[in-house]
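# An overview of the molecular structure
Listed below, chain by chain, are the residues.
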Amino acid sequence: MIRPGAVQSPESPLRLAVRFDDAAAGNLAIQLLTTLGVSNDRLGVVDPDRMEGGRGMILSATFADEPTRIRAEDVCRKLGGRVHRWRG
């Protein structure tokens, strides 16, 4: 059921898309991001089966706050990921 009325949109979440050449590094990044407090429902993955050449992984994640995004970006870069960020 749809109720009439104005809906206030929350501020757009901070997002990262990270390209890993090695899917194992991407899987490790997922595990580490969850230890930082990022919930699984905020993570998305394009697995190697769908990648050109059958290798690598693209991980996308949304964050509620800037400090968590900064820590996550640092973790992904240390694991060899190429990080792209945007506000969506």
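Residues numbered from 1 in each chain as written. Predicted model: local features only at pLDDT ≥ 70, side-chain atom pairs only at ≥ 80, totals over all residues. Heavy atoms only, no water.

With that out of the way, let us pick up helix α2 (residues 66–78). The first and last C-alpha atoms of α2 sit 18 Å apart over 13 residues, in line with the 18 Å expected at 1.5 Å per residue. Note on α2: the residue one or two positions beyond its end, G80, has a positive phi of about 95°. (Helix = DSSP H or I, 4+ residues; strand = E, 2+ residues; numbered from the N terminus. Expected span 1.5 Å × (residues − 1).)

Now for helix α1 (residues 23–35). With 13 residues, α1 ought to run about 18 Å at 1.5 Å a step, and its terminal C-alpha atoms sit 19 Å apart, in line with that. Among all positions of α1, only A23, A25, G26, A29 and L33 are buried. The buried residues of α1 occupy an angular sector of 150° when projected down its axis, which confines them to one face. Seen from the open side of α1, the exposed residues pointing more than 90 degrees away from its buried face are Q31 and T35. Looking at the packing, one finds that the buried side of α1 touches β1 (14–20), β2 (43–46), β3 (57–63) and α2. (Buried < 20%, exposed > 50% of the residue type's maximum accessible area, 1.4 Å probe, protein only. Arc of directions from axis to C-beta. Contact = heavy atoms within 4.5 Å.)

Taken as a whole, this structure holds six salt bridges when the rule is applied. Measuring nitrogen to oxygen at the nearest pair gives 3.1 Å for the salt bridge that ties D21 to R82. Taken together, the positions of D21 in the loop between β1 and α1 and R82 in strand β4 (residues 82–87) put the pair 61 residues apart, joining distant regions of the chain. For D21, a relative accessible area of 44% puts it in the partly exposed group. With a closest N to O distance of 2.7 Å, E73 and R77 form a salt bridge. A residue pair is termed a helical-turn pair when its members lie 3 or 4 positions apart in one helix, as E73 and R77 do in helix α2 at four residues. (Salt bridge = Lys/Arg side-chain N within 4 Å of Asp/Glu carboxyl O.)

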